[in-house]
Amino acid sequence: MNRRTLMRGSLTLGAGALLAGCTDSPGQRTASQRSATPSSNTRPGSKVLLAYFSRPGENYHYGGRIDLDVGHTEVLANMIASAVAVDVYRIQAADPYPQDYEETVERNKREQESEARPAIAGALPTVEQYDTVLLGSPIWNVRPPMIMRTFVEAVDLRGKTIHPFVTYAVSGIGATVEDYTRLCPEATIGDGLAVRGEEVNAGAADVTAWLQRTSISA
Ligand SMILES: Cc1cc2nc3c(=O)[nH]c(=O)nc-3n(C[C@H](O)[C@H](O)[C@H](O)COP(=O)(O)O)c2cc1C
């Protein structure tokens, strides 16, 4: 933890991000995102941003259900942030997802079908200083949740290298690379990491290998 800077809720939206996300159609933005001002609340010299979404609560667990205090993707994000120097930004929904698993599945289905862009709570990070973005999420209905689209369309990721990381139950990385490739045509989508959610606590070796493979760590 000492090698990262937690940026949750503390960053504001840079002016450039107001104008250009990954795509030409930036989607919905909340009033708070629109009115946010540039911030210097980032660690000088840091080149890697880790941005992730994770949902605690009732979840799938080997065919049954489990109640998670900390989401699997957050566990994975913390492992990565403990291994390398990154700034961390947690993506949180302005309208939080239900505690109930089935209700969340239904809401996600509706959001996918309607091409929704669920609003993000609080301010977005300024991203100008980063070359690399580690973009983490669970897999929902075989792809990242729609709030990840909100994020990549709202911040300017052009010219950056995005390495996705996901936790999943059965689908592996699913359509993650395809989604980000389509949504972020001017970014480079690098090697991704997929860790089974139920086994995330045993994921350290996978994290190490991925960080080396992507040259994020030596
Ligand atoms: C709404 C919803 C949809 C899901 N859909 C899938 C899926 O299509 N494929 C899959 O492998 N896992 C699926 N899962 C399981 C999650 O990807 C998995 O439990 C993940 O580790 C949860 O991460 P989190 O705790 O950080 O949210 C789904 C979970 C939820 C809540």
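Structure's up top.
Sequence order sets the numbering: in each chain, residues are counted from 1 along the sequence as written. Local features in this predicted model are restricted to residues of pLDDT 70 or higher, and side-chain atom pairs are both shown and tallied only at a pLDDT of 80 or more, whereas totals for entire chains, interfaces and linings draw on every residue. Heavy atoms from the whole structure form the basis of all side-chain values; hydrogens and water molecules are not counted.

Chemist: Please explain the site of the ligand as it appears in this structure.
Modeler: In the region of the ligand, 21 residues are neighbours, and S54, T73, T167, V170 and S171 sit closest. Contacts described as polar in this section are N or O atom pairs within 3.5 Å, which, within protein, must combine one atom able to donate a hydrogen with one able to accept it, while residues neighboring in sequence count only if both atoms come from side chains. Within the side chain of S54, one N or O atom sits 2.6 Å away from an oxygen atom of the ligand. Contact distances for the ligand include 2.7 Å between an oxygen atom and a side-chain N or O atom of T167. Only the protein chains shown count as cover for residues, and all accessible areas are computed by the Shrake-Rupley method using a 1.4 Å probe. In isolation the ligand exposes 640 Å². Once the protein is present, 95% of that is buried. Under the DSSP-based scheme used, a helix requires at least four consecutive residues in state H or I and a strand at least two consecutive residues in state E, with every element numbered from the N terminus. Sorting the residues of the shell around the ligand by element identifies α3 (72–83), α4 (101–113) and β7 (161–168) as the ones contributing at least two each. The biggest single contributor to the shell around the ligand is α4, with three residues. Only heavy atoms are used to decide nearness, and a residue is near a molecule or strand if one of them lies within 4 Å of it.

Chemist: Even after reading the chapter, I still don't get the environment of D206, so can you show me in this structure?
Modeler: By secondary structure assignment, the location of D206 is in helix α7 (residues 204–213). A residue is classified by how much of its surface remains accessible, and D206, at 41% relative accessible area, is partly exposed. With eleven residues separating them in the primary sequence, D206 and V195 have C-alpha atoms 7.8 Å apart. Whether two residues touch is decided by their heavy atoms; if any such pair falls within 4.5 Å, the residues are in contact. Setting aside chain neighbours within four positions, we find D206 in contact with L193 and V195. Each residue is assigned to one of three classes by its accessible area relative to the maximum for its type, calculated with a 1.4 Å probe on protein chains only: buried under 20%, partly exposed between the two thresholds, exposed over 50%.

Chemist: What is the right way to look at unusual backbone geometry in this model?
Modeler: Phi is mostly negative for residues that are not glycine, and the peptide bonds are mostly trans. Of note, E115 is a non-glycine position whose phi angle comes to about 50°, a positive value. Its location among the elements puts E115 in the loop between α4 and β6 (132–138). The exposure class assigned to E115 is partly exposed, which follows from its relative accessible area of 44%. A positive phi angle, close to 70°, is found at V142, a residue other than glycine. Within the secondary structure, V142 sits in the loop between β6 and α5 (146–154).

Chemist: Before we go on, may I ask you to explain the pairing of β6 in this structure?
Modeler: On a regular strand, one side chain projects to one face of the sheet and the next to the other, so that they alternate. Of all seven residues making up β6, seven are buried, and the element is well covered by its neighbours. Alternating positions in β6 separate into two faces, T132, L134, G136 and P138 on one and V133, L135 and S137 on the other, with burial throughout. Pairing between strands is defined by DSSP: at least two bridges between them are needed. With five bridges connecting them, strand β2 (residues 48–53) and β6 associate as parallel partners. Residue pairing for β6: L50 is matched across the bridge by L134. Note: β6 against β7, seven bridges, orientation parallel. Across the sheet, the residue bridging to L135 is P164, located in β7. In the classification by handedness, the crossover that spans β6, the intervening α5 and the parallel β7 is right-handed. Orient the strands so they point away from the viewer, and a crossover whose first-strand-to-second-strand path over the helix runs clockwise is right-handed.

Spatial relationships are all this shows, so hold off on functional conclusions.
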